[in-house]
Amino acid sequence: MKKIFGILALGLVYAGFLWAVCPGCRANIPQENAIIKPKSEMKTLIVYFSYTAGNTKRIAEKVQKAIGGDLVSLEPVKPYSDDYEKVVKQGREEVEGGYKPELKSLGVDLQNYDRIIVGTPTWWYRMAPVVLSFLSSNDFRGKVVVPFMTNAGWPGSVITDMVSLAEGNGAKVEHAHAFKFSSDEKHFDRMVTPVEELEQWIDDLK
Ligand SMILES: Cc1cc2nc3c(=O)[nH]c(=O)nc-3n(C[C@H](O)[C@H](O)[C@H](O)COP(=O)(O)O)c2cc1C
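These numbers were taken from a predicted model, which means no experiment stands behind them.

Participant: What is the right way to look at a negative patch on the surface in this model?
Facilitator: Residues Asp82, Asp83, Glu85, Asp184 and Glu185 make up a contiguous surface patch of negative charge. Along the chain, the position of glutamate 185 falls in the loop between β7 (177–180) and α6 (195–204). Exposure remark for glutamate 185: the relative accessible area of 65% places this residue in the exposed category.

So, in structure tokens, the structure goes:
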């Protein structure tokens, strides 16, 4: 009996040791136990999809200018039409059907990054299908994901959906943020969110 307790105790000590010193040994443990570097040492990738007025793209570019890192646009293999009304209708069908379009290669390896900043416009109260494909199909264990979105006044569940998808795929999520733009079709590119709020958010990413 004593011997069995001895073996069990040794086993527990060994498991504790692995837990403390060997991140790889707990690779399938979700994000809360991952080792995250300080911001200054993080390699950052900014990915975005943008269609209507380049709003999400402009924010992504501003972030890159301020904090550095690599910037890539998410592109579906089958591009969307230039006909806005057609895409509004198509977008509704895609979003409501949970469609995940096939994406063109990003041209970068996510494994080389510690932090991924992901931007989407709101499409029918959800993230754009292209961004749904990206967040659904990648492993974010050991990484920080920063979701941001643009909208025209009806943000729906975009932020909570992005957060739960990224966390479900292992990410530590930080600084999720929504930016409101005009719903007037003549001024879709006009940001309603105060510019100071955007600047503060970018500062928080430094
Ligand atoms: C297909 C489609 C659906 C949209 N649905 C919404 C919506 O549900 N709520 C909202 O606030 N804006 C909606 N918009 C407006 C965009 O989210 C908004 O203009 C956004 O800032 C555009 O970003 P972009 O210029 O990067 O594409 C929709 C736009 C499109 C094309």
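Participant: Whenever I open this one, the pattern of salt bridges confuses me. Can you help?
Facilitator: As a working rule, side chains carrying opposite charge can pair if their charged atoms are close by. With the rule as written, the count across this model stands at 8 salt bridges. Across the pair lysine 57 and glutamate 61 runs a salt bridge whose closest N-O atoms are separated by 3.9 Å. Of this pair, lysine 57 and glutamate 61 both sit in helix α2 (residues 55–67), 4 residues apart, which is roughly one turn of that helix. The partly exposed category is assigned to lysine 57, whose relative accessible area is 35%. By relative accessible area, which is 34% here, glutamate 61 ends up partly exposed. Glutamate 96 serves as the salt-bridge partner of arginine 92, at 3.1 Å between the closest nitrogen and oxygen. Here glutamate 96 and arginine 92 lie together in helix α3 (residues 84–96), a separation of 4 residues that amounts to about one turn.

Participant: What is the right way to read unusual backbone geometry from this model?
Facilitator: Glycine aside, the phi torsion of most residues is negative, and most peptide linkages are trans. You will see that tryptophan 124, though not glycine, has its phi angle at about 50°, which is positive. Mapping tryptophan 124 onto the fold places it in the loop between β3 (115–123) and β4 (126–127). For tryptophan 124, a relative accessible area of 30% puts it in the partly exposed group. Positioned with a positive phi, tyrosine 125 is a non-glycine residue whose angle comes to about 70°. Here tyrosine 125 is to be found in the loop between β3 and β4.

Participant: I keep staring at the nonpolar core and nothing clicks. Help me out?
Facilitator: Side chains of nonpolar character tend, in soluble globular proteins, to be buried together. The biggest cluster of nonpolar side chains holds 28 residues, and the ones touching the most others in it are Ile116, Val118 and Phe134. Mapped by element, the contributors of at least two residues to this core are β1 (44–48), α3, β3, α4 (129–136), β5 (144–151) and α5 (158–168). If we ignore the near neighbours within four places in the chain, the residues touching isoleucine 116 are Leu45, Val47, Leu110, Phe134, Phe140, Lys143, Val144, Val145 and Val146. Judged by nonpolar contacts, the second largest core, of 16 residues, contains Val144, Val146, Phe179 and Trp201.

About the thresholds
- Residues numbered from 1 in each chain as written.
- Predicted model: local features only at pLDDT ≥ 70, side-chain atom pairs only at ≥ 80, totals over all residues.
- Heavy atoms only, no water.
- Patch = residues over 30% accessible without salt bridge, like charges linked within 9 Å, V, L, I, M, F, W, Y side chains within 5 Å.
- Areas by Shrake-Rupley, 256 points an atom, 1.4 Å probe, with all protein chains shown as cover.
- Salt bridge = Lys/Arg side-chain N within 4 Å of Asp/Glu carboxyl O.
- Lys, Arg positive; Asp, Glu negative; His and termini not counted.
- Charge placed at Lys NZ, Arg CZ, Asp CG, Glu CD.
- Helix = DSSP H or I, 4+ residues; strand = E, 2+ residues; numbered from the N terminus.
- Buried < 20%, exposed > 50% of the residue type's maximum accessible area, 1.4 Å probe, protein only.
- Core = buried A, V, L, I, M, F, W, Y, C linked by side-chain atoms within 4.5 Å.
- Contact = heavy atoms within 4.5 Å.

Function-wise, these values are silent; they only describe arrangement.
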